[in-house]
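Chain residues, written in single-letter form:
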Amino acid sequence: MFDKNPKSYTDLLGKTNRIVEGTVIKGDIISQADFRLDGELIGNFQSKGKIVIGPAGKVIGDIICRNADIEGKFDGKIEVMEILNVKSKAKIYGEVIVGKLSVEPGAEFSASCVMKANVKNLNPNDGRQSGEKIA
């Protein structure tokens, strides 16, 4: 009766969890599907999908996800496997680890940032002799 197989990420595409403005959650959230936060989260968030922090949204804690759009406030450590979009009204503080980063003009971005390399490590000389210049 209760022994259901967990749904894969592809089964959850198009389904979004939503926390509305005025709601405060203290604790951790783990979700397989996409998530929109217009309220406040004091805790950690983890998802195999995308998180959208709306203009009224606020997160104090750590986030691990595939993609993220931030328009509100974030303070903590965020790890985004693919693309982090920082909107013009966003305020980001803390530590950011991303695959790709997009920051709109006007955003407040006061964080250390590391971009993960999506390519294999190449030989530092790429087959060139020491001192040889690239044409």
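Basis of the calculations
- Residues numbered from 1 in each chain as written.
- Predicted model: local features only at pLDDT ≥ 70, side-chain atom pairs only at ≥ 80, totals over all residues.
- Heavy atoms only, no water.
- Helix = DSSP H or I, 4+ residues; strand = E, 2+ residues; numbered from the N terminus.
- Buried < 20%, exposed > 50% of the residue type's maximum accessible area, 1.4 Å probe, protein only.
- Contact = heavy atoms within 4.5 Å.
- Areas by Shrake-Rupley, 256 points an atom, 1.4 Å probe, with all protein chains shown as cover.
- pLDDT = per-residue confidence, 0-100.
- Salt bridge = Lys/Arg side-chain N within 4 Å of Asp/Glu carboxyl O.

K.L.:
Please give an account of the overall build of the protein chain that cites residues and values.
P.N.:
If you tally the helices and strands in the protein chain, you get 0 helices and 13 strands. For the protein chain, the N- to C-terminal ordering of α and β elements is β-β-β-β-β-β-β-β-β-β-β-β-β. Within the protein chain, the proportion of its 135 residues that are buried is 30%. At a minimum sequence separation of 6, the contacts of the protein chain that also span at least 24 residues come to 2%. Here the protein chain displays about 8,800 Å² of accessible surface, and carbon together with sulfur accounts for 50% of that area.

K.L.:
Describe in detail the environment of L84, supporting the description with residues and values.
P.N.:
Following the sequence through the fold, L84 ends up in strand β11 (residues 73-86). Those residues in contact with L84, other than ones at most four positions away along the chain, are A68, I70, I78, V96, V98, K100, L101 and S102.

K.L.:
Any chance you could break down the confidence of the model for the protein chain for me, citing the residues and the numbers?
P.N.:
Mean pLDDT over the protein chain works out to 85, with 76% of the residues at or above the 70 mark. The secondary-structure element of the protein chain with the lowest mean pLDDT is strand β1 (residues 16-19), recorded at 91, while strand β8 (residues 58-60) shows the highest, at 98.

K.L.:
Can you break down the pattern of salt bridges residue by residue, with the values?
P.N.:
The tally for this structure, following the rule as stated, stands at 4 salt bridges. Between D69 and K50 there is a salt bridge, with the nearest N and O atoms lying 3.1 Å from each other. With a gap of 19 residues between them, D69 in strand β10 (residues 67-70) and K50 in strand β7 (residues 50-53) connect regions that are remote in the sequence. Residue D69 is classed as buried on the basis of its relative accessible area of 13%. A relative accessible area of 29% places K50 in the partly exposed class. Residues E79 and K77 are paired through a salt bridge, measuring 3.7 Å at the closest nitrogen-oxygen approach. For E79, a relative accessible area of 21% translates into the label partly exposed. For K77, a relative accessible area of 28% puts it in the partly exposed group. Counted as one network, the salt bridges with shared partners bring together R18, R36 and D38.

K.L.:
Now, about the environment of C113: what can you tell me, with residues and values included?
P.N.:
With respect to the helices and strands, the residue C113 is situated in strand β13 (residues 108-115). Considering only alpha carbons, one finds C113 and I78, 35 residues apart in sequence, at a separation of 9.7 Å. Not counting residues within four places of it along the chain, the set of residues in contact with C113 comprises V96, V98 and L101.

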